[in-house]
Amino acid sequence: MLDDMKTTTLGQSGLNVSRIAFGTWQLGGEWGRFDHDTAVAAIRRARELGVNFFDTAQAYGFGASEHILGQALRDELTRERDQVVIATKGGLRQTHSGLIRDSSPDWLRRGVDASLQALGVDHIDLYQVHWPDPTVPAAATAGALGDLIAEGKIGHVGVSNYTAAQMREFSETLPVETLQPPYHLFRRNIEADTLPYCREHNIGVLVYGPLAHGLLTGTLNTHTAFPDGDWRATSSVFRGDTYRNNLATVLALRIFAAHRNITVSQLAIAWTLANPAVDVAIVGARQPGHIEDSLRAAQIAFSDADLEEIDEIMTSAVPVAGPSPEGMP
């Protein structure tokens, strides 16, 4: 275990979790091929180092990612179930024309049952609605999840990619306990309204994409070729002038980080955790060594002057967005 592994209470859920969560989107097939055994080893290594919070989703390969996570943590899930916190998400459905949002009670119930089976558990600690569904009343979605709590299939309910207004509407039926939004140095729009709302209502925040889907790892350049099946291969974020401009910004961040004996990845993760409204940063890894580097970010403390200098570097950056279900290949 890393020295002084940082933990926190995840908002009103009361869940005590590591400030770095292991994310498993990269194990669902949308990021190209990976080695199964090495991925399992990365999950195992995270657990050995003190991570107790693992995030996945039904839509990450529709059972593929959840199955790998359940396999990697089988010992804990069998003998020490209360020592790990499993979060998954539902509310996306695969159709012949692609992914669609479906937060109807029937689909959510079917999704919870499918996730329980894929993970190999009898309950899910935190169940999150993956994306807001404008075709289903929030009261219907929230009511269905309240029923699933009563049945013992899920412990706590959160949402992902919701705005403050959408959380407010959802909470009229069932309190939103957590929010999982995108947040990184190139994507800060939630700072205006969403994060203040979460602080005011004690909603736990676990951010995804702190490394800007690889942009903030410092390993990409204009010649980087993404493999077939990797959504970044067709994303405007990783093409053209925006990409070149932001790579130059990352280089400036690398210089800043090097002067403090940290990596740019650690800088990016630590920066998200420096926001007082953020409880947890979700970081994915396909190799054990990558998660070790990321976990050290939870031990980094920036001064106000450091944060101001980072903001100054980012003035030259071009804000970017991530993929939506409708935009996924």
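Numbering of residues begins from 1 in every chain and follows the order in which that chain's sequence is written. Under the rules for a predicted model, residues below a pLDDT of 70 receive no local features and side-chain atom pairs below 80 are neither given nor counted, while totals for whole chains, interfaces and linings still include all residues. Side-chain numbers here rest on the full set of heavy atoms in the structure, without hydrogens or water.

Labelled according to an unreviewed UniProt entry, the protein chain appears under the name NADP-dependent oxidoreductase domain-containing protein, originating from Mycolicibacterium moriokaense.

Participant: Break down the overall build of the protein chain for me, citing the residues and quoting the values.
Facilitator: Under the DSSP-based scheme used, a helix requires at least four consecutive residues in state H or I and a strand at least two consecutive residues in state E, with every element numbered from the N terminus. Each helix and strand in the protein chain was counted, giving 11 helices and 12 strands. The globule rule is 2.2 Å times the number of residues to the power 0.38, and the radius of gyration it is compared with is taken over C-alpha atoms. In terms of C-alpha radius of gyration, the protein chain reaches 19 Å, essentially the compact-globule figure of 20 Å for 329 residues. Summarising its shape, the C-alpha atoms of the protein chain cover approximately 55 × 40 × 40 Å along the three principal directions. Looking at the protein chain as a whole, 57% of its 329 residues are labelled buried. Residue exposure (1.4 Å probe, protein chains only): buried if accessible area is under 20% of the type maximum, exposed if over 50%, otherwise partly exposed.

Participant: Go over the environment of arginine 254, please, and point to the residues and values.
Facilitator: Turning to its location among the elements, arginine 254 is positioned in helix H8 (residues 240-258). When the C-alpha positions of arginine 254 and leucine 267 are compared, they lie 8.6 Å apart, and in sequence the two are 13 residues distant. Here a residue-residue contact requires only that any non-hydrogen atoms of the pair lie within 4.5 Å. Leaving out residues up to four positions away in the same chain, arginine 254 has contacts with Gly218 and Val264.

Participant: For the pairing of strand S5 (residues 85-90), give the residues involved together with the corresponding values.
Facilitator: Burial of S5 is extensive: 6 of the 6 residues sit out of reach of the surface. Burial of the side chains of S5 extends over both faces: Val85, Ala87 and Lys89 are buried on one face and Ile86, Thr88 and Gly90 on the other. DSSP bridges decide pairing: two strands pair if at least two such bridges lie between them. One ladder, built from 3 bridges, connects strand S4 (residues 53-55) with S5; its direction is parallel. Counted as the bridge partner of phenylalanine 54 is isoleucine 86 from S5.

Participant: An account of the packing of aromatic side chains is requested, with residue identities and associated values reported.
Facilitator: Pairing of aromatic side chains requires ring centres within 6.5 Å, counting the rings of Phe and Tyr and the six-membered ring of Trp. Pairs whose planes differ by under 30 degrees are stacked, by over 60 edge-to-face, and all others tilted. Summed over the entire model, instances satisfying the criterion amount to 8 aromatic pairs. The rings of Trp25, Tyr60, Phe226, Trp231, Phe238 and Tyr243 are connected pair by pair, giving a single aromatic cluster. We count a charge as sitting over a ring when the NZ of a lysine or the CZ of an arginine lies within 6 Å of the ring centre and within 35 degrees of the ring normal. Taking the ring centre of tryptophan 107 as reference, the NZ or CZ of arginine 93 above it sits at 5.9 Å. Geometry around phenylalanine 256 places arginine 260 over its ring, the cationic atom sitting 3.6 Å from the centre.

Participant: Can you break down the packing of H8 against helix H11 (residues 304-313) residue by residue, with the values?
Facilitator: Taken N-terminus to C-terminus, the directions of H8 and H11 make an angle of 155°; their axes are 10 Å apart at the nearest point. Relative to H11, the element H8 is oriented roughly antiparallel. As for the relative orientation of H8 and H11, their crossing is right-handed in sense. Contacts between H8 and H11 involve Thr249, Ala252, Leu253 and Phe256 from the former and Asp306, Glu309, Ile310 and Ile313 from the latter. Gly is placed with the polar residues, together with every amino acid not listed as nonpolar (Ala, Val, Leu, Ile, Met, Phe, Trp, Tyr, Cys and Pro) or charged (Asp, Glu, Lys and Arg). Here the residues of the contact of H8 with H11 are counted per class, giving 5 nonpolar, 1 polar and 2 charged. Convention adopted: a line fitted to C-alpha atoms gives each axis, helices being fitted over their contacting stretch, and angles between N-to-C directions are expressed from 0 to 180 degrees. Relative orientations are named as follows: roughly parallel for angles under 35 degrees, roughly antiparallel for angles over 145 degrees, roughly perpendicular for angles from 65 to 115 degrees, and oblique for any other angle. Crossing handedness follows the turn of the near helix against the far one: under a right angle anticlockwise gives a left-handed crossing, and clockwise gives a right-handed one.

Participant: Pulling in residues and values, what's your account of the pattern of salt bridges?
Facilitator: As a working rule, side chains carrying opposite charge can pair if their charged atoms are close by. For salt bridges, the criterion is a side-chain nitrogen of Lys or Arg within 4 Å of an Asp or Glu carboxyl oxygen. Counting across every chain of the model gives 16 salt bridges. Close ionic contact of arginine 45 with glutamate 48 constitutes a salt bridge, the shortest N to O distance being 3.3 Å. With arginine 45 and glutamate 48 both in helix H1 (residues 36-48) and 3 residues apart, this pair spans about one turn of that helix. Close ionic contact of arginine 188 with glutamate 191 constitutes a salt bridge, the shortest N to O distance being 3.0 Å. Classification of arginine 188 by relative accessible area gives partly exposed; the value is 28%. Sharing partners across several salt bridges, the network here consists of Arg45, Glu48 and Glu292.

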